[in-house]
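Commentary on secondary and tertiary structure
Residues per chain are reported as follows:
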Amino acid sequence: MLLIFSFLFLPVTQAQRIQTEFDVLLVAEGLQFPWGMAFMPNGNLLVTEKIGQLRIITPDGRVSEPIKGIPAVLVQQQGGLLDIALDPEFSKNRLIYLSYSEPEGSRASTAVARAELKDGNLENLQVIFRQWPKTEGGVHFGSRLIFASDGNLFITLGDRGDYSEEAQQLSNHIGKIIRIRPDGTVPSDNPFVNNPKAKPEIWSYGHRSVQGAAIHPKSGELWIHEHGPKGGDEINIPQPGKNYGWPKASYGNHYNDIPIKNEHAEQGFEEPIHYWTPSIAPSGMVFYTGKQFPGWRDNLFIGTLAGRHLVRLTTDNKKITNEEKLLINTLRFRDVEQGPDGALYLLTDEENGKLLKLTPK
């Protein structure tokens, strides 16, 4: 593996006086706008490419031919093949889950399918969720997939751009976090299952475009981040049935510079636990729990697109206590994950996309 960066990182918080040196190794390249990744038990890595391809990368960096059997994908602006997750029982059932922008005529919406991965092919593919309604446009599809400890699947969605007002309506899936069982059925304890005017899959609402999600290693709660408009990227801990304010509340402005009320609570909305103005365009998110970097344990890592750096956040309960920037002014980082070896892995958002690995120096 080629060493492309070498860094000395000095945390400034008193709680972490550990000098952390790390190298950034190039594992693989030549990926076409990679978007999501998931490690298999054998150490191989599944990587989605936004153009509608899925590949396997071995630990020594060999990239497979595209896996066959991918569903039809709308590749337009932010749309394409998006995230990937393994079933909690993957070793037994070989099921994987894909989120993607599903076309229907001139319209599209985020969909999630699951299929069995067998000998380089996807078999028995089944669509288990479709965002409703399908709409025009190629932006704000979300979408991350994350399994909770109870086995239910969270799906993060977006407001589809021109349809932001629908994020406040429970009669659709626009601007929502979704919670379903692995087979697509609705858990009986979802917050709106007894509301005939609401979509029963909804977990929380009032979101703009959620491209990062992670389960807290101690509390088991879902944490997300979402893109703001002109400023106002947020971190939230979405609670069942709660409203997070978009587009009525934000710490950013509309793109035409018209301000948005930043008062969340007084309008009946939930406040973000952290926000960025100006925007960093966050993407990808993971809590680090490995052993290679003891000083980083339980820290939250987020890739950035506009920011072109990796964010490291320390937390205390439900608060962000400190923020550090790594790999400043380098690349657009689409996803960040922890590998089974305890290293951090990054995907770069570019036509010649790279898989990078952070290891102790």
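Residues numbered from 1 in each chain as written. Predicted model: local features only at pLDDT ≥ 70, side-chain atom pairs only at ≥ 80, totals over all residues. Heavy atoms only, no water.

This brings us to the overall build of the protein chain. Scanning the protein chain from N- to C-terminus turns up 1 helix and 24 strands. For 361 residues, the compact-globule estimate of 2.2 N^0.38 gives 21 Å, and the protein chain sits close to it at 19 Å. When the backbone C-alpha atoms are referred to their principal axes, the protein chain occupies close to 55 × 50 × 40 Å. Restricting to contacts in the protein chain with at least 6 residues of sequence separation, those with at least 24 account for 55%. Accessible surface computed for the protein chain: about 14800 Å², of which carbon and sulfur atoms make up 47%. Charge separation in the protein chain, taken as the distance between the mean sites of 37 positive and 42 negative side-chain charges, equals 1 Å. (Helix = DSSP H or I, 4+ residues; strand = E, 2+ residues; numbered from the N terminus. Rg over C-alpha atoms; globule rule 2.2 N^0.38 Å. Contact = heavy atoms within 4.5 Å. Areas by Shrake-Rupley, 256 points an atom, 1.4 Å probe, with all protein chains shown as cover. Lys, Arg positive; Asp, Glu negative; His and termini not counted. Charge placed at Lys NZ, Arg CZ, Asp CG, Glu CD.)

Time to look at the pairing of strand S22 (residues 333-338). Relative to strand S23 (residues 344-348), S22 runs antiparallel, the two being bridged by 5 bridges. Of the residues in S23, the one forming a bridge with Val336 is Leu346. Linking two consecutive strands that pair antiparallel, namely S22 and S23, is a turn of 5 residues; a positive phi of about 85° is found at Gly342 within it. (Pairing = 2+ DSSP bridges.)

Per the counting criterion, the structure on display carries 11 aromatic pairs. Both rings, one in Tyr97 and one in Phe147, keep their centres 5.2 Å apart while their planes meet at 75°; by these two values the pair is edge-to-face. Placement of Tyr97 in strand S7 (residues 95-104) and of Phe147 in strand S10 (residues 145-147) is noted, with a sequence separation of 50 residues between them. Tyr97 gets classed as buried once you look at its relative accessible area, which sits at 0%. Take Phe147: its relative accessible area is 15%, and that puts it in the buried class. (Phe/Tyr/Trp six-rings, centres within 6.5 Å; stacked < 30°, edge-to-face > 60°. Buried < 20%, exposed > 50% of the residue type's maximum accessible area, 1.4 Å probe, protein only.)

Moving on to the environment of Arg332. With respect to the helices and strands, Arg332 occurs in the loop between strand S21 (319-326) and S22. The sequence separation of Arg332 and Pro282 amounts to 50 residues, and the corresponding C-alpha distance is 9.7 Å. Not counting the four nearest positions on each side in its chain, Arg332 is found in contact with Thr304, Leu305, Ala306, Arg308, Leu347, Thr348 and Asp349.

Now for the sheet that holds strand S19 (residues 300-304). Within the open sheet, the 4 strands sit side by side as S18-S19-S20-S21. Their pairing is antiparallel. Of all strands in the sheet, those bounded by a partner on one side alone are strand S18 (282-287) and S21. Averaged over all pairs of adjacent strands, the angle between strand axes in this sheet comes to 25°, irrespective of strand direction. When S18 meets S19, the two strands line up antiparallel, connected through 5 bridges. (Axes fitted to C-alpha atoms, helices over the stretch in contact; angles between N-to-C directions.)

If you roll a probe as big as a water molecule over the atoms, it shows you where there is empty space left. Per the stated rule, a full pass over the model turns up 1 cavity of 30 Å³ or more. Every residue along the wall of the largest cavity is listed here: Gly206, Arg208, Glu226, His227, Gly228, Pro229, Gly232, Glu234, Tyr244, Trp246, Ala249 and Ser250. Class assignment of the residues belonging to the lining of the largest cavity gives a composition of 4 nonpolar, 5 polar and 3 charged. (1 Å grid on protein atoms, 1.4 Å probe; cavity = no way out; pocket = protein on both sides within 12 Å on 5 of 7 lines; lining within 4 Å. Points joined across faces, edges and corners; volume = space filled by probe spheres on them. Nonpolar A, V, L, I, M, F, W, Y, C, P; charged D, E, K, R; others polar.)

What follows concerns the layout of surface pockets. Roughly 830 Å³ of internal volume is contained in the largest pocket. The wall of the largest pocket is formed by 33 residues, among which Leu86, Leu145, Ile146, Phe147 and Glu337 lie closest to the centre. Among the elements of the structure, strand S3 (34-39), strand S6 (81-86), helix H1 (90-93), S10, strand S14 (210-215), S18 and S22 are those that each provide at least two residues to the lining of the largest pocket. For the lining of the largest pocket, the class distribution of residues is 20 nonpolar, 7 polar and 6 charged. In this model, the second largest pocket occupies a volume close to 320 Å³.

A few words now on the side chain of Thr110. Secondary-structure assignment places Thr110 in strand S8 (residues 107-118). Given the relative accessible area of 0%, Thr110 is considered buried. Polar contacts involving the side chain of Thr110 include one to the main-chain carbonyl oxygen of Phe141, which spans 2.7 Å. When near neighbours in sequence (up to four residues on either side) are disregarded, Thr110 contacts Tyr100, Phe129, Arg130, Gln131, Phe141, Ser143 and Leu157. (Polar contact = N/O pair within 3.5 Å; in protein donor to acceptor, adjacent residues only side chain to side chain.)

Here the focus is the pattern of salt bridges. One pass over the structure, following the stated rule, counts 20 salt bridges. With its nearest N and O atoms 2.8 Å apart, the salt bridge here joins Arg130 to Glu102. With a gap of 28 residues between them, Arg130 in strand S9 (residues 121-130) and Glu102 in strand S7 connect regions that are remote in the sequence. A relative accessible area of 45% places Arg130 in the partly exposed class. (Salt bridge = Lys/Arg side-chain N within 4 Å of Asp/Glu carboxyl O.)

So, about the sheet that holds S7. The 4 strands are arranged S6-S7-S8-S9 in an open sheet whose pairing can be described as antiparallel. With partners counted over all chains shown, the strands left at the sheet margins are S6 and S9, one partner each. Pairwise comparison of adjacent strand axes, ignoring direction, gives a mean angle of 30° for this sheet. Of the strand pairs in this sheet, S8 and S9 are connected by 7 bridges, and their pairing is antiparallel. Bridge pairing in S9 links Val112 to Phe129.

Further remarks concern the environment of Lys291. Positionally, Lys291 belongs in the loop between S18 and S19. Distance from Lys291 to Ala343, taken between C-alpha atoms, is 8.4 Å for residues 52 residues apart in sequence.

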